[in-house]
Amino acid sequence: MTQTKAGPDIAAGRLPEDAYSENFSDLHPLLEQHEAQVEADRCYFCYDAPCMQACPTSIDIPQFIRQISTGNPDGSAKTIFEQNILGGMCARVCPTETLCEEVCVREVAEGKPVKIGQLQRYATDHYMSGHDETPFSRAAASGKKVAVVGAGPAGLSCAHRLAVHGHEVTLFDARDKAGGLNEFGIASYKSVENFAQREVDFVLSIGGIELKTGMRLGDNIDLAELRATFDAVFLSIGLGGVNALNKENESHNGVLNAVDYISDIRQADELSQLPVGRNIVVIGGGMTAVDIAVQKKLLGADDVTIVYRREQDRMNASKFEQELAQTTGVKILTNAQPHALVTENGHISSIELERTVSLADGTLNGTGEILSLPADMVFKAVGQTLVRDDLDATIALEKGRIVVDADRKTSLDDVWAGGDCVLGGEDLTVTAVEDGKIAAESINAALNA
Ligand code: SF4
C-alpha cells in the first residue's frame, strides 16, 4: 500500500458513498445483443482488411464480425482467442482508435469506424460467461519443461501457447497474484468485476501450467538456476522500477509514484477509504499519467492538473485518453517541467514549474519563467525502468532493456523475452500478448528440433 500520511488537506471519503460505484463503473458497457448485431452489420467484410493488418495480434476481424452477424458469438470468440487468448482484456484496454478502428474503411470514408473493440468484447464476454475453459486442448505431453517468469499479459500468453503444445510450464510471479499490469496497472473503470483474475483463471484452465507467486527474479529465483532446471526460459518481467524527478524533497510525504497508487486503487476493497487531496499535480504525458489523473478526479479531488513538458500532440497518451481526461475535468498544462518541490512540515504543499519551449531540432529548453501550483499530492508518471538484478552479467541489454530478435530470443540460446522489459516494447497489452505468442512458437520449434 502506498504510504500517504495525512497531509494538510488529504482525507478519505470526499464523495457521497454511492458516487464511487457510479464513477468507477465500466467505461464501455457491454453491447446488448441487438446493438452488437446492428454494429456487426455495418462491417463491409473487406478483402485484405486494413483493420486486421493493423491488429498487433493479427486477429481475423472480418471473420469474427461476420460470425457475430450470423448469430455465432461463440465461434466469433474462438476466432479471436486463436490469435489472442487475452482477447477479453484487449477488448477493454486496446487503444483501438489508433489501431484497427483508425484504419477501418468506415472511419476513413465517414469518420465513424465499426466498433471493433466493443464487438470483440461482446464475443469474448459471451464465450467466457458460458465457458470456464479455453476452447483449446493440449497436445500429447512433450516431456519438456519451460519456466515463464512474470504472469502479466506476455507471460500468460506464452504459457498458454506452450501448454497447448504439450509442454509443462511453471509460471512465476513476484506478486501475490497473477495478471501483471492487467491486475495492478490499469485504471479501475477499464476492467471491472474482477475481470483480470477471471481471465487468468480462464488462461490457466488449459492445464499444464503451475502458477508460483511470491517468486521474484534476482531475489528468491535466479536465471542460472532456472536455466539449469528448465529446458527453456521466457522472461516477461515488465518494468519494476520507476523514474525519479531528481528534485530536492522528492522523498517527502505526498510525492508518490503513480503506478503504486494505481495499484492501490485496483486492490482497494473500499474506494471511499483511499486518501484524496484537493489539489493534485501529475507529472508525465502517457497513459499512466491519464490513468492516475482521471481516477483522482473520480475519487473527489477538486483540482487535478497533468503537467507535460512538451506540446500536447507529443503526449504518449492517445487522443481518446487525453479527451477522457479533459471531459472528466482534468486540466492539461503543457510546455512546463518540474523546477522545485515545495514542502511544509515535511509534506508537499506546492510545485514550482518552469515553462519550456521545443526548438526546431527537437531539443527542449527551459525558458526561466517559473509558475507555481498548489499541490497536496504530486504523482510521478515519468516512465519505468527494468530492474536489472541478476541480468546485467548474463544477458545482452541495450538502453536498459533486454535485446531480442524477431523470434523474441535473447542473447542466450535457451532464454526468450517479451513485453515491456524488451527493447522496443510498446507498453501495450496487445503487443505483449503477441510477444508471448511469438516466443512460445519459437520455443516450441527449438524444443522439437
Ligand atoms: Fe469491417 Fe472496417 Fe475491418 Fe472493413 S476495415 S473489415 S469495414 S471493420
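Residues numbered from 1 in each chain as written. Predicted model: local features only at pLDDT ≥ 70, side-chain atom pairs only at ≥ 80, totals over all residues. Heavy atoms only, no water.

1. Re the confidence of the model for the protein
Overall, the predicted model of the protein reaches an average pLDDT of 92, with 98% of residues at or above 70. Scored below 50 in pLDDT, residues 1–6 shows 14 contacts in the model against residues more than four places distant or in partner chains. (pLDDT = per-residue confidence, 0-100. Contact = heavy atoms within 4.5 Å.)

2. Points about empty space enclosed by the protein
Applying the stated criterion across every chain yields a total of three cavities of 30 Å³ or more. Reported here for the largest cavity is a volume of approximately 120 Å³. Around the largest cavity, the lining comprises 15 residues; the ones closest to its centre are Cys55, Cys94, Thr96, Cys100 and Gln120. Those elements giving two or more residues to the lining of the largest cavity turn out to be helix 6 (87–93) and helix 9 (116–130). (1 Å grid on protein atoms, 1.4 Å probe; cavity = no way out; pocket = protein on both sides within 12 Å on 5 of 7 lines; lining within 4 Å. Points joined across faces, edges and corners; volume = space filled by probe spheres on them. Helix = DSSP H or I, 4+ residues; strand = E, 2+ residues; numbered from the N terminus.)

3. Section: the layout of surface pockets
The space that makes up the second largest pocket amounts to roughly 620 Å³. What lines the second largest pocket is a set of 28 residues, among which His28, Thr96, Glu97, Glu101 and Phe320 lie closest to the centre. Secondary structure elements with two or more residues in the lining of the second largest pocket: helix 6, helix 7 (100–103), helix 9 and helix 16 (319–328). A per-class count over the lining of the second largest pocket returns 10 nonpolar, six polar and 12 charged. Looking at the lining of the second largest pocket, you find at least three residues from each of domain 1 (33–130) and domain 3 (242–380). (Nonpolar A, V, L, I, M, F, W, Y, C, P; charged D, E, K, R; others polar. Domains from an automatic or database assignment.)

4. Concerning the sheet that holds strand 13 (residues 377–380)
Taken together, five strands build an open sheet; the order of strands is 6-13-7-8-9 and the sheet is parallel. Each edge of the sheet is formed by a strand with only one pairing partner; in this case those strands are strand 6 (255–257) and strand 9 (331–333). Recorded for the sheet is a direction-independent mean angle of 25° between the axes of neighbouring strands. Across five bridges, the pairing between strand 7 (residues 279–283) and strand 8 (residues 303–307) is parallel. For Asn279, the partnering residue across the bridge sits in strand 8 and is Asp303. Sheet contacts for helix 14 (residues 258–267): strand 6 and strand 13; angle to strand 6, the most-contacted strand, approximately 70°. Against the sheet, helix 15 (residues 287–298) contacts strand 7, strand 8 and strand 13, and its axis sits at roughly 170° relative to strand 8. (Pairing = 2+ DSSP bridges. Axes fitted to C-alpha atoms, helices over the stretch in contact; angles between N-to-C directions.)

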